[in-house]
Amino acid sequence: MLKDITIGQFFPGDSIIHRLDPRFKIIMTFIFIIMIFTGKSMICLGIGAVYTVTAVLLSKIKFKMFVKSIKPLMPFLLITAFLNILFVNGETVYFHWKFIKITSEGINVSIFMIIRIVMLIVGSSLLTYTTSPITLTDAVERLLSPLKRFKFPVHELAMMMSIALRFIPTLIEETDKIISAQKARGAEIDTGSLLNRAKNLVSILIPLFISSFRRADELATAMECRCYSGGEGRTRLRQLKSSSMDYIALSVTVFFLLCVIMTNLIYS
Amino acid sequence: MAVLKTEELTYIYSEGTPFEKTAVDHVNLEINEGEMVGVIGHTGSGKSTLIQHFNGLLKATSGRVLLDGVDIWADKTKIRDVRFQVGLVFQYPEYQIFEETVYKDIAFGCKNMGLDEAEIKRRVIETAYDTGLSEELLKRSPFELSGGQKRRVAIAGVMAMKPKVLILDEPAAGLDPSGRDKIFECIKNYHRKYNNTILIVSHSMEDTASFADKILVMNQSKVFCYDDTVNVFARAEEITEIGLDVPQITKVFIELKKRGFDFGKEVYTVDYAKKLLLEYLKERQGR
């Protein structure tokens, strides 16, 4: 059950996408998101799809993994699409019953929305699939560093982020273990009535909270033992360096964004 | 009769992803009623994965687990009953404790079984006694107890369900010597009292040798050997080869054999070694 969570998962590899500078990857992901949301027509989505598919192919990550990242969100997607079909007003009416109207516009809107969100998930999964959490937070720290002038605690934020990311798999594993242990004592967690399941949730949450606090406490002690005192004067092991490849990739992304904007202008 | 039996049991983690790993590879086993079995193997040898199949927490990729001759997955809705019959105590079980009082935590499993209050009370008090927890402790919060006591509360929680087969994964891990002795003492007493089947996973040969009737050695997801304790230690050299340790006393006797003192028997407990040596010395004096 919990093993299906792929958010923040990283698949080590040596593809072009893996080797890109994480700072550029974050910026490109932002541009990609803007690209997806500014697109107003199917052609724009087509352009976005070309970009997404190329990036996915270049990453050499199995297609299956992306399907896995979409899967948990599928019910929400289908429900919203369904509501859109039922309630969006339009001119060409296929079916009419009381307040429910199925129109060609409604169907179009739903398909458009599904493709858009699927692409959004695939694109952002690509970022975490190809970038290790540590380099990702390094990049975030660098990108936010101008904010230091305004006394914004950039380093602390990045440290919290990397600790949080670091502990996602640990906590998932821990949760799995606790669930198994309570199941072994006959707790009904994924079977039984809803009320029973809710009651049994307590038997998972309490041990989980306790161990989270214990871990946080231990980690804080361990960090203090190694004289951690914040970002002041701290040097880094991995220096982020950008290469010509990064600039090429960025230009390609910007080019795609411009294409989408142009198409919007032409067809509006 | 075999109480637990596996047929070609295989389990593959994250099948179809880059992390795919066969954790249990075609395991065939028969565990008889009333036996005390020690399960040993390296970390990652598949022992913990294997035992989670016995109570249906994991479902095998292929192969079957039979409890009393019946496939545990024959009726999916009855899997909870299997869990009451095959009690599993995880590694560091104290982390699963959650109730406000020791009493309530021990009673959790019994409550899930749907027993009535009187029966639950009887069982909790009985197992608390069996595990050396005083009655006064039952009213306290489990979070105030010492590490060893917490561990015993967690084990008692499973014992109270009176499972036919009790499986413990590293029950003494991370405890001080007196704590571990107490735990093993509890388990041995429990075995003597109810004569049920017990499986204990451990990486310490020393501990395992002292209690087990039979030993199951796992190596690289496969059963390396499964036999009576004596016969397993007869293969002491092979066991050392796969990187597992044999008891120190066994090593001493292997060395003695190399130096010309062959006792012709497998020695794995200090008591037995003492007896053999004394007999030998007496014999020599007599000559």
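Residues numbered from 1 in each chain as written. Chains lettered and ligands numbered in written order. Predicted model: local features only at pLDDT ≥ 70, side-chain atom pairs only at ≥ 80, totals over all residues.

> For this particular structure, what's the right way to read the overall build of chain A?
Along its length, chain A carries ten helices and two strands. Seen in sequence order, chain A has helices and strands lined up from the N terminus as α-α-α-α-α-β-β-α-α-α-α-α. Compactness check: chain A gives a C-alpha radius of gyration of 23 Å against a globular reference of 18 Å for 268 residues, more than 25% above the reference. Dimensions along the principal axes, computed over C-alpha positions, put chain A at roughly 70 × 60 × 40 Å. In chain A, which comprises 268 residues, the proportion classed as buried is 22%. Within chain A, contacts between residues separated by at least 24 positions form 75% of all contacts whose residues are at least 6 apart in sequence. (Helix = DSSP H or I, 4+ residues; strand = E, 2+ residues; numbered from the N terminus. Rg over C-alpha atoms; globule rule 2.2 N^0.38 Å. Buried ≥ 20, exposed ≤ 12 C-beta atoms within 10 Å, placed from the backbone. Contact = placed C-beta atoms within 7 Å.)

> What am I meant to see in the nonpolar core here?
Proteins that are soluble and globular tend to have nonpolar side chains buried together. In this structure, Ile106(B), Ile167(B) and Leu199(B) are the most contacted members of the largest nonpolar core, which totals 77 residues. Dropping the residues within four chain positions of it, Ile106(B) is found in contact with Val124(B), Thr127(B), Ala128(B), Val153(B), Ala156(B), Gly157(B) and Ala160(B). In terms of nonpolar packing, the next biggest core, distinct from the first, is built from 23 residues, Leu20(A), Ile61(A), Leu126(A) and Leu257(A) among them. (Core = buried A, V, L, I, M, F, W, Y, C linked by C-beta atoms within 7 Å.)

> I'm lost on the interface of chain A and chain B in this one. Help?
One widely used convention gives an interface's size as the accessible area the parts lose upon coming together. If you look at the interface, chain A gives 17 residues, while chain B gives 21 residues. Where the side of chain A that touches chain B is concerned, the elements lending two or more residues are α8 (154-184) and α9 (194-225) of chain A. Looking at which element gives the most residues to the side of chain A that touches chain B, the answer is α8(A), with seven residues. Tallied by class, residues from the side of chain A that touches chain B come to eight nonpolar, five polar and four charged. (Nonpolar A, V, L, I, M, F, W, Y, C, P; charged D, E, K, R; others polar.)

> What is the right way to read helix α5 (residues 74-87) of chain A from this model?
Side chains three or four residues apart in an α-helix point the same way, a direct result of the helix having 3.6 residues per turn. End to end, α5(A) covers 20 Å across 14 residues, agreeing with the expected 20 Å (1.5 Å per residue, within 8%). Among the 14 residues that make up α5(A), one are buried, leaving the element largely open to the surroundings. (Expected span 1.5 Å × (residues − 1).)

> Hey, could you run me through the packing of helix α5 (residues 147-159) of chain B against helix α6 (residues 177-194) of chain B in this one?
For any two helices packed against each other, the geometry is given by the interaxial angle and the distance between the axes. Residue and element names in this part refer to chain B. Put simply, α5 and α6 touch, their axes get as near as 10 Å, and they point 20° apart. The pairing of α5 with α6 is recorded here as roughly parallel in orientation. Two packed elements cross with a definite hand, and for α5 against α6 that hand is right-handed. Of the residues in α6, those in contact with Gly147, Gly148, Arg151, Arg152 and Met159 of α5 are Gly179, Lys182, Ile183, Cys186 and Tyr190. When the residues that make up the contact of α5 with α6 are grouped by side-chain class, the tally is four nonpolar, three polar and three charged. (Axes fitted to C-alpha atoms, helices over the stretch in contact; angles between N-to-C directions. Parallel < 35°, antiparallel > 145°, perpendicular 65-115°, else oblique. Left-handed = near helix turned anticlockwise from the far one by under 90°.)

> Explanation requested: the sheet that holds strand β4 (residues 62-67) of chain B in the structure shown.
Hydrogen bonds between backbone groups are what pair the strands of a sheet, and the pairing can be parallel or antiparallel. Residues and elements named next belong to chain B. Strand order in the open sheet formed by four strands is β2-β1-β4-β5, and the pairing between neighbours is antiparallel. Of all the strands in the sheet, the pair left with one neighbour each is β2 (21-32) and β5 (70-71). Taken together, the eight bridges between strand β1 (residues 2-13) and β2 define a ladder with antiparallel strand orientation. Counted as the bridge partner of Thr6 is Leu29 from β2. (Pairing = 2+ DSSP bridges.)

> Could you clarify how one ought to interpret unusual backbone geometry in this entry?
Both trends apply: most residues other than glycine have a negative phi, and most peptide bonds are in trans. One non-glycine residue, Cys227(A), lies in the positive phi region at around 60°. Its location among the elements puts Cys227(A) in the loop between α9 and α10 (244-267). For Cys227(A), a count of 6 C-beta atoms within 10 Å translates into the label exposed. Look at Ser221(B): it is not a glycine, yet its phi comes out positive at around 70°.

> Would you take a moment to explain the environment of Ile239(B) for this structure?
Residue and element names in this part refer to chain B. Looking at the secondary structure, you find Ile239 in helix α9 (residues 236-241). Residue classification places Ile239 among the buried positions, given that 22 C-beta atoms sit within 10 Å. Note: C-alpha distance between Ile239 and Thr6 (233 residues apart in sequence) is 23 Å.

> Can you walk me through the packing of helix α3 (residues 42-59) of chain A against helix α6 (residues 104-130) of chain A in this structure?
Residue and element names in this part refer to chain A. Between α3 and α6, whose axes approach to 10 Å, the crossing angle comes to 25°. Classified by the angle their axes make, α3 and α6 are roughly parallel. Note on packing geometry: the crossing formed by α3 with α6 is left-handed. Together, Met42, Leu45, Gly48, Ala49, Thr52, Ala55, Val56 and Ser59 of α3 and Phe112, Ile115, Arg116, Met119, Val122, Gly123, Leu126, Tyr129 and Thr130 of α6 make up the contact between the two elements. For the contact of α3 with α6, the per-class residue count stands at eleven nonpolar, five polar and one charged.

> How do you make sense of the sheet that holds strand β3 (residues 36-41) of chain B when you look at a structure like this?
All names here are of chain B. Spatially, the six strands line up as an open sheet ordered β6-β7-β8-β3-β9-β10, and their pairing is mixed. Across the chains shown, the open sheet's two edge strands, defined by having one partner strand only, are β6 (86-89) and β10 (222-228). Adjacent strand axes in the sheet meet at a mean angle of 15° when their direction is disregarded. Against the sheet, α5 makes contact with β6 and β7 (165-169), and its axis sits at roughly 170° relative to β6, the strand it touches most.

> Quick question: what am I supposed to make of the pairing of β7(B) here?
Regular strands place their side chains on alternate faces of the sheet. Residue and element names in this part refer to chain B. Extensive coverage of β7 is indicated by the burial of five of its five residues. Here β7 shows a buried face lined by Val165, Ile167 and Asp169 and a second buried face lined by Leu166 and Leu168. By the bridge criterion, four bridges tie β6 to β7 in an arrangement that is parallel. Within β7, the position partnered with Gly87 by the bridge is Leu166. Considered for its hand, the β-α-β crossover made up of β7, α6 and strand β8 (residues 197-202) is right-handed. (Right-handed = clockwise from strand over helix to strand, strands pointing away.)

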